[in-house]
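One-letter residues, chain by chain:
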Amino acid sequence: MRILVVEDDPRLMELLCRGLGGEGFAVDGTGDGAHALELAQENEYDAIVLDVMLPGMNGLRVCARLRENRIWTPVLMLTARDGEYDEAEGLDTGADDYVTKPFSYIALVARLRALVRRGRRERPPVIEIGDLRVDPATRRCERSGTPVPLTAREFGVLWYLAAQRGEVVAKTEILDHVWGDFEGDVNVVEVYVSALRRKIDTPFGRRTIHTVRGAGYRLEDTGSTS
């Protein structure tokens, strides 16, 4: 089993490479994000251990670029102790799991072996609704062939609605699937739905996200608003 370790701390890199080598893995290592991207594109790895904090191209960007390039090698992200934002962004950009520093080496190896056993995940299908194209693998959205930039949370809301296209989805459902444990006002969903309408509907003269009073939202293509 071949592993790529991407870590810019020389001491931690040495410990990981030596330890994983002792566990029976063939290990390549680099402390540079751009070099890691090159290695992952040129070689077949069973998994990648990827630190978030890297000089130049950080781990989040490396992971995003891998997925954009249709490379589905499992990624185990290493995040800082207080890096909840990094954890969320890592999963949003395509990472499969994460370990928080300082971490238990035994736990890291166990998680890594679990990822290797699971193997490369299948590319999630692109959903097309009329001229709206939602790609969960690359987290890209297009309308009439025009890229529509979305924040991670906006994309999460759109993807969940698209996956349930034609069905009424309650605000609480969206909160559970996009926010997880959320104790704030459920009406935060309205804010994101409004933002999505301004980005994917209004500029293109379309009406895709529909409000169902007292029930939630439904995403379906009903053509032009004109």
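Thresholds, definitions, all that
Residues numbered from 1 in each chain as written. Predicted model: local features only at pLDDT ≥ 70, side-chain atom pairs only at ≥ 80, totals over all residues. Heavy atoms only, no water. UniProt positions renumbered as here; feature names shortened; annotations may be inferred. Helix = DSSP H or I, 4+ residues; strand = E, 2+ residues; numbered from the N terminus. Buried < 20%, exposed > 50% of the residue type's maximum accessible area, 1.4 Å probe, protein only. Contact = heavy atoms within 4.5 Å. Salt bridge = Lys/Arg side-chain N within 4 Å of Asp/Glu carboxyl O. Polar contact = N/O pair within 3.5 Å; in protein donor to acceptor, adjacent residues only side chain to side chain. Pairing = 2+ DSSP bridges. Right-handed = clockwise from strand over helix to strand, strands pointing away. Core = buried A, V, L, I, M, F, W, Y, C linked by side-chain atoms within 4.5 Å. Axes fitted to C-alpha atoms, helices over the stretch in contact; angles between N-to-C directions.

J.: I keep staring at the UniProt feature "modified residue: 4-aspartylphosphate" (unreviewed entry) in the protein chain and nothing clicks. Help me out?
T.: The residues that UniProt annotates with the feature "modified residue: 4-aspartylphosphate" (unreviewed entry) are Asp51. In this fold, Asp51 is placed in strand β3 (residues 47-51). On the basis of relative accessible area, Asp51 is assigned to the buried category, the value being 3%. Apart from the residues lying within four places of it in its own chain, the contact partners of Asp51 are Val6, Glu7, Asp8, Gly59, Leu78 and Lys101.

J.: Can you walk me through the pattern of salt bridges in this structure?
T.: Side-chain pairs of opposite charge can arise whenever the charged atoms involved come near each other. Taken as a whole, this structure holds 14 salt bridges when the rule is applied. Ionic pairing is found between Asp28 and Arg2, a salt bridge with its closest N-O pair at 2.7 Å. Of this pair, Asp28 sits in strand β2 (residues 26-30) while Arg2 is found in strand β1 (residues 2-6), placing the two residues 26 residues apart along the sequence. On the accessibility criterion, Arg2 (30% relative accessible area) is partly exposed. Residue Glu220 is joined to Arg218 by a salt bridge in which the shortest nitrogen-to-oxygen separation is 2.8 Å. What you see here is one network of salt bridges that share partners, running through Asp131, Arg143, Asp201 and Arg206.

J.: Looking at this model, I keep getting lost on the environment of Pro10. Mind explaining?
T.: Considering the arrangement of structural elements, one finds Pro10 in helix α1 (residues 10-22). Taking C-alpha positions, Pro10 is 9.3 Å from Thr30, a pair spaced 20 residues apart along the chain.

J.: Honestly, the side chain of Asp201 in this entry has me stumped. Any pointers?
T.: With respect to the helices and strands, the residue Asp201 is situated in helix α8 (residues 188-201). When its relative accessible area of 3% is taken as the criterion, Asp201 is described as buried. In terms of polar contacts, Asp201 uses its side chain to reach the side chain of Arg143, at 3.0 Å. Apart from residues no more than four positions distant in its own chain, Asp201 is found in contact with Arg143, Leu196, Arg206, Arg207, Thr208 and Ile209.

J.: I keep staring at the pairing of strand β4 (residues 75-79) and nothing clicks. Help me out?
T.: The side chains of a regular strand alternate, residue by residue, between the two faces of the sheet. Within β4, five of the five residues are buried, which leaves it mostly tucked inside the rest of the structure. The pairing of β3 with β4 spans four bridges and is classified as parallel. Bridge pairing links Ile48 to Val75 in β4. Crossover β3 to β4 through helix α3 (residues 59-68) is right-handed. Here β4 runs beside strand β5 (residues 97-100); their pairing, made up of four bridges, is parallel. Paired with Thr79 across the bridge in β5 is Thr100.

J.: What is the right way to read the nonpolar core from this model?
T.: The nonpolar side chains of soluble globular proteins are, as a tendency, buried together. Val157, Leu158, Leu161, Ile174 and Ile209 are the most contacted members of the largest nonpolar core, which has 24 residues in total. Going through the elements one at a time, β6 (127-129), β7 (132-135), α6 (152-163), α7 (171-179), α8 and β11 (216-219) are the ones with two or more residues in this core. With six residues, the single largest contributor to this core is α6. Of all hydrophobic cores here, the second largest spans 20 residues; its members include Leu4, Leu39, Ile48 and Ala95.

J.: So what exactly am I meant to see when it comes to the sheet that holds β7 here?
T.: In sheet architecture, strand pairing relies on hydrogen bonds along the backbone and comes in two forms, parallel and antiparallel. Reading across the sheet, the four strands line up as β6-β7-β8-β9 and stay open at both edges, with antiparallel pairing between neighbours. Across the chains shown, the open sheet's two edge strands, defined by having one partner strand only, are β6 and β9 (146-147). As paired strands, β6 and β7 are joined by three bridges and run antiparallel to one another. Pairing of Glu128 across the sheet is with Arg133, part of β7. Each of β6, β7 and β8 (140-143) is contacted by α6, which is oriented at about 110° to β7, the strand it contacts most.

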